[in-house]
Amino acid sequence: PLIWLALWWHHFFLLWSTIDGQTRYSIPEELKQGSVVGNLAKDLGLALSEIFDRRLRVASQTGEQYFSVDAGKGELVVNDRIDREALCGQSASCVLPLQIVLEKPLNLHRIEVEIKDMNDNSPSFQTKELSLKIAESAAVGTRFVLESAEDADVGSNSVKSYTLTKNECFTLKMKEVEDGKAVPELVLEKPLDREKKAVHQLLLTALDGGNPVLSGTSQITITVLDNNDNFPVFEKNNYKVSLQENTAKNTFVVKIAATDADEGPNGEVEFSFGSRTPDSVLSVFEINPLTGEIHLKGDLDYEKASSYKIEITARDKGFPEMESHCRLQIDIVDVNDNTPEIVLTSEPQPVREDAASGTVVALLNARDADSGNNSKVTLRVPKGSPFTLKPSFSNNYALVTSGPLDRESFPEYNIEITATDSGTPPLSSKKVIPVTITDVNDNAPVFTQKTYNVYLKENGVPGSILYSVSASDLDFGENAKVSYSILDSKVQDVSVSSYVYINSDNGSIYSMHSFDYEKLKVFQIQVQAKDQGSPSLSSNATVHVFILDQNDNAPAVIYPSSAAMGSLSHQRMPRSAKAGHLVTKVTAVDADSGHNAWISYRVAEATDASLFTVNLYTGEVRTKRAVSEQDDSSQRLLIEIKDDGEPIQSSTVTVSIILEDGLHEPILDLRHKVAEPSKKTGRITLYLILSLASVSVLSLLTFLILAVKCIRNSSSSSTCCMRRTDSDDYKNPNRNLQIQLNTDGPIKYVEVLGGDMLSQSQSFRSCMSPMSEYSDFTLIKPSSTTDFKEVISVLDASLPDSTWTFESQQVRRKQSFFLPLHSSPPLLLGSIDELCAPMNRANIQRDLVPPPYTHSTRNSYIAMSWVRRSDALNIFKSILFFCEEILDIYLGLKFYSHGW
């Protein structure tokens, strides 16, 4: 045990050395498991923490894990029994190449562990008992080749000498052969005498050069025979041939020739392989015992055996048998019959899609079992791939990125690597390496639309869903999770969040309360979609919400003013009035829009239904016939006002009419008495003049302001244009009228085209100001036969957010239609000639009355325009109020001054 321990320490303290920049350790074979080979962390310049953090591991090219790393000490230790003879056979040098793989980042170190031989194998003979037959006539000095002993150890531990037991007839000598080995031979030193001793027993001992010396023995039995005194003689003592490793079976290899000088059976020679021929030779070659021809009966493989050394025996048939030996060496020529092999040294790592060029993905190694040029391997990746191979050493390569990556286009790459050797013809193999691309938040959410149009009926239920927006994100995982929110903005000076809210998960937008079309017609919501990445990305979309009008307002009476306040309206008229006499005019407005705001008037109840009538559209109350003496002096009319909505909304006004005789005479008397001023009437006249002057000044200022605004509007509008295409064919009553809607988000204009199928069409196109509160208009010459009720119905259905009003009036053979195109407040109407002209009470009453549907003459025009309701309506109401007050004051003063 002490000798073994000393031998172990002798080998162990050889330690390691560095050869050609590589780390090498030397250890004896048969070390116990856990024995330390060397301090790997120190030799590679690694901290102990890096061994665990960087997942240091040992990769062996032999496939067996003989070594491992102690992570706590950084030492390379023996992991399994190491038998040098099993690993390297009879090779003089036994080196195990190891690859040390480090991750984060990937790195590769190559080390070598030299396995030193220990004298752990004794010499042995294949044949433990050898029988020789020697004729007694054998001459002194005759040599008999004996079997060589085999020792699995190498170097000084292999077979070094042989000994033979002492005897009087034989000695032992060594014979050198061409490969440097010594073969023992038995030499006859003294003639044999069968009659004295027929059998000789000898013990052959083989000794190795180890310390301690180990030995093996073989028992030799020599039988002395009578004369067959000639040995077969070979033509050559050594034969040498070469074969391609792809040589076919049954191919003739070589013919061994030998002759025997004896005659008869003593001269007949038979050939055979030597008694020590291994099975690896017997399974590949066969010899004809009579002819000596050797044929190939198995498959050759250069990678398993590059050369065969065979002993051939020629034996005669004499008695005793005489035999001789020769050597046959068959060299195998390598053929490129092995395809290259690609071996992954480390598994591929997932790569971020924003990884820089040159990022290491995997480590791999190329091998070819052939030799020479047949073993030289080159690797390549497909063209256009964002990966490339970077060579390191000894057919080791690093797979690295070489271009930009995009996970949304290619979430995974199957990189096909082709290995090709340099043989003729070249052989190749392929290996697919899957590489996963990890996601980076580089894509913002994208809405299905940039803008959404939502149409919502007014008076809806609070909490009902308005619309659902949707956005998608091309990223993955958390980077693709989208949440929705509403960006803060103002709607009529109120935060939009008080109107609606959004479900952050699914993008559903809900109303916070019901909407009133008369207060709010359209508003927009800025919706933001944001992903959960870091940093997060977002995008916006605009949702235009159009409130649709419902018929929820009954017509409201604005004249007579007393009726508007809920009291009875009293009117006077002379009994002398003729048929068609204008008694009064009832004026009502409807806060709704479109069809819901079209108003009609009818007499619901009357004291005398034959005396009065009311115009269906204007509300003018006129006499149907002349007043007679039999008619009651007090007439009562109940006038019903209805809109055109669904369901119909209505209201009523009661008008009391007093029929008076000579109603005109006081006025005539008043005229006569004007020239008779008095002190009392002078003051009244002064008051009247002051009142009229005040009203005149206010009216003048009002219309000056209107004129200035008209001028500014016309100068500040970015565009005010009209385009007209004239053709005499417009007089054709069979023309078609076409209305084209042009939209860009909220509606900007309507284009009306007219013309028959064969004539040139006429059109006027509106070009609107960027600021919707200013008035622009377009003139279009329509067909005289166009049914504008159908036109308005089409436009009203197509533009649910618009307010339509329709009027026809006959003024110098002109007809005016005002069609509002934007969701601004309802319009006030008038012909183009009157847009900026001063407006009196009759005009206001006329403009506030929904017009009937009529056909225009051939020279009629359509005008489409809009103005701000908040400006125009307030001005008209103010003017109406002042006019009514001045009229009441005037009449009151007149009656008072005359004592009425």
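Here the structure is a predicted model, which means the values were calculated and not measured. (Residues numbered from 1 in each chain as written. Predicted model: local features only at pLDDT ≥ 70, side-chain atom pairs only at ≥ 80, totals over all residues. Heavy atoms only, no water.)

## Points about the UniProt feature "transmembrane region" (unreviewed entry) in the protein chain
Following the UniProt record, one finds the feature "transmembrane region" (unreviewed entry) at residues 686-708. End-to-end, the C-alpha atoms of residues 686-708 are 33 Å apart, and along that stretch the chain is 100% helix and 0% strand. (UniProt positions renumbered as here; feature names shortened; annotations may be inferred. Helix = DSSP H or I, 4+ residues; strand = E, 2+ residues; numbered from the N terminus.)

## Concerning the state of the cysteines
Tallying each qualifying case throughout the model produces one disulfide. Covalently, Cys88 is tied to Cys94 through a disulfide, its sulfur atoms 1.9 Å apart. Looking along the S-S bond of the Cys88-Cys94 disulfide, the torsion reads about 65 degrees, which is the right-handed sense. (Disulfide = S-S within 2.5 Å.)

## Focus: the sheet that holds strand 17 (residues 238-244)
Strand order in the open sheet formed by four strands is 17-24-23-20, and the pairing between neighbours is mixed. Of all the strands in the sheet, the pair left with one neighbour each is strand 17 and strand 20 (269-273). Ignoring which end each strand starts from, the neighbouring axes of this sheet average 25 degrees apart. Strand direction decides the pairing type here: strand 17 and strand 24 (residues 323-333), joined by seven bridges, are parallel. Residue Lys240 lies in a different strand from strand 24, and its bridge partner there is Gln329. (Pairing = 2+ DSSP bridges. Axes fitted to C-alpha atoms, helices over the stretch in contact; angles between N-to-C directions.)

## Comments concerning the side chain of Asp475
Position of Asp475 relative to the elements: it lies in the loop between strand 36 (471-472) and strand 37 (482-486). Despite its burial, Asp475 pairs with no opposite charge, the nearest such side chain being Arg407 at 5.0 Å. There is a polar contact of 3.0 Å between the side chain of Asp475 and the side chain of Asn443. What Asp475 contacts, discounting residues up to four positions off in sequence, is Glu353, Arg407, Glu408, Asp439, Val440, Asn441, Asp442, Asn443 and Ala480. (Buried < 20%, exposed > 50% of the residue type's maximum accessible area, 1.4 Å probe, protein only. Lys, Arg positive; Asp, Glu negative; His and termini not counted. Salt bridge = Lys/Arg side-chain N within 4 Å of Asp/Glu carboxyl O. Polar contact = N/O pair within 3.5 Å; in protein donor to acceptor, adjacent residues only side chain to side chain. Contact = heavy atoms within 4.5 Å.)

## Describing the packing of aromatic side chains
Under the counting rule described, the total for this entry stands at twelve aromatic pairs. Look at Tyr499 and Phe523: their rings are 5.8 Å apart centre to centre, the planes differ by 35 degrees, and that puts the pair in the tilted class. Taken together, the residues span a long stretch of sequence, with Tyr499 in the loop between strand 39 (494-495) and strand 40 (500-502) and Phe523 in strand 42 (residues 522-531) at a distance of 24 residues. On the accessibility criterion, Tyr499 (9% relative accessible area) is buried. For Phe523, a relative accessible area of 5% gives the class buried. In this structure an aromatic cluster arises from ring pairing among Phe387, Phe410 and Tyr413. The positively charged end of Lys521 is found above the aromatic ring belonging to Tyr517, 4.7 Å away from the centroid. (Phe/Tyr/Trp six-rings, centres within 6.5 Å; stacked < 30°, edge-to-face > 60°. Lys NZ or Arg CZ within 6 Å of the ring centre and 35° of its normal.)

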